[in-house]
Amino acid sequence: MPGRGFDLWYSRLVLQHNPPPVTLSILEKAFSGLPPQGVAIVHVRTHEDGYSFKVADYLKGGFKLDMEMHSTPQNSILELADRTGCRLFELHEEPDHIDNVTSIFVFVKK
């Protein structure tokens with residue numbers, strides 16, 4: 001990912017394959033690299049009933065899935081955006097199963 005020099009950062013159905021701390025680190029780099037009026041569009045799972053993430057469990061191999069699926073809390077993404085100078089422009093929530101929510105965020109750098 002380039003550190004600077006992009007006006008649009010877009011991710012669709014990719015970030016939920018990373019643990020929440022990794023997703024937030026990726027988003028921090030993306031949001032920080034946007035110039036004023038730059039746009040970030042992020043499509044990521046933000047809720048799954050019963051989901052929790054603990055680094056210690058993860059490092060012990062606590063996830064036994066064919067394909068890792070994680071949820072990064074919506075409030076964590078919104079707080080990160082605010083800290084990095086991005087304002088929420090639009091938010092859509094998509095229930096993708098009865099117990100999962102995927103959110104589409106559109107952020108604009110202040």
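The structure this text deals with has already been given above.
Residues numbered from 1 in each chain as written. Predicted model: local features only at pLDDT ≥ 70, side-chain atom pairs only at ≥ 80, totals over all residues. Heavy atoms only, no water.

**Re the sheet that holds strand 2 (residues 39–48)**
Logical step 1: Strand order in the open sheet formed by four strands is 1-2-4-3, with mixed pairing between adjacent strands. Each edge of the sheet is formed by a strand with only one pairing partner; in this case those strands are strand 1 (8–12) and strand 3 (86–97). Sheet twist, expressed as the average angle between the axes of neighbouring strands with direction ignored, equals 20°.
Logical step 2: With nine bridges connecting them, strand 2 and strand 4 (residues 100–109) associate as antiparallel partners. By the bridge assignment for strand 4, Glu48 is matched with Asn100.
Logical step 3: Against the sheet, helix 3 (residues 74–83) touches strand 2, strand 3 and strand 4, its axis set at about 5° to strand 4. (Pairing = 2+ DSSP bridges. Helix = DSSP H or I, 4+ residues; strand = E, 2+ residues; numbered from the N terminus. Axes fitted to C-alpha atoms, helices over the stretch in contact; angles between N-to-C directions. Contact = heavy atoms within 4.5 Å.)

**Structural notes on helix 1 (residues 20–33)**
Logical step 1: Helix length check: helix 1 (14 residues) gives 20 Å between terminal C-alpha atoms against 20 Å at 1.5 Å per residue, within 8%.
Logical step 2: Of the surrounding secondary structure, the elements contacted by the buried residues of helix 1 are strand 1, strand 2, helix 3, strand 3 and strand 4. (Expected span 1.5 Å × (residues − 1).)

**Comments concerning the pairing of strand 1**
Logical step 1: Of the two faces of strand 1, the one lined by Trp9 and Ser11 is fully buried and the one lined by Leu8, Tyr10 and Arg12 carries no buried residue.
Logical step 2: The parallel pair strand 1 and strand 2 is bridged by helix 1, and the resulting crossover is right-handed. (Buried < 20%, exposed > 50% of the residue type's maximum accessible area, 1.4 Å probe, protein only. Right-handed = clockwise from strand over helix to strand, strands pointing away.)

**A few points about unusual backbone geometry**
In most cases, non-glycine residues show a negative phi, while peptide bonds are predominantly trans.
Logical step 1: Look at Leu13: it is not a glycine, yet its phi comes out positive at around 55°.
Logical step 2: Considering the arrangement of structural elements, one finds Leu13 in the loop between strand 1 and helix 1.

**Some points on the packing of aromatic side chains**
Logical step 1: Counted by the stated rule, this structure contains three aromatic pairs.
Logical step 2: Relative to Phe107, the ring of Phe31 lies with its centre 5.1 Å away and its plane at 65°, an arrangement referred to as edge-to-face. Highlighted residues: Phe31 in helix 1 and Phe107 in strand 4, separated in sequence by 76 residues. Each member of the pair, Phe31 as well as Phe107, carries the same accessibility label: buried.
Logical step 3: Aromatic side chains Phe53 and Tyr58 sit 5.4 Å apart centroid to centroid with 50° between the ring planes, which places their arrangement in the tilted category.
Logical step 4: Using a relative accessible area of 25% as the deciding quantity, one classes Tyr58 as partly exposed.
Logical step 5: Through pairs of rings, three or more aromatic residues link up here, namely Phe31, Phe105 and Phe107. (Phe/Tyr/Trp six-rings, centres within 6.5 Å; stacked < 30°, edge-to-face > 60°.)

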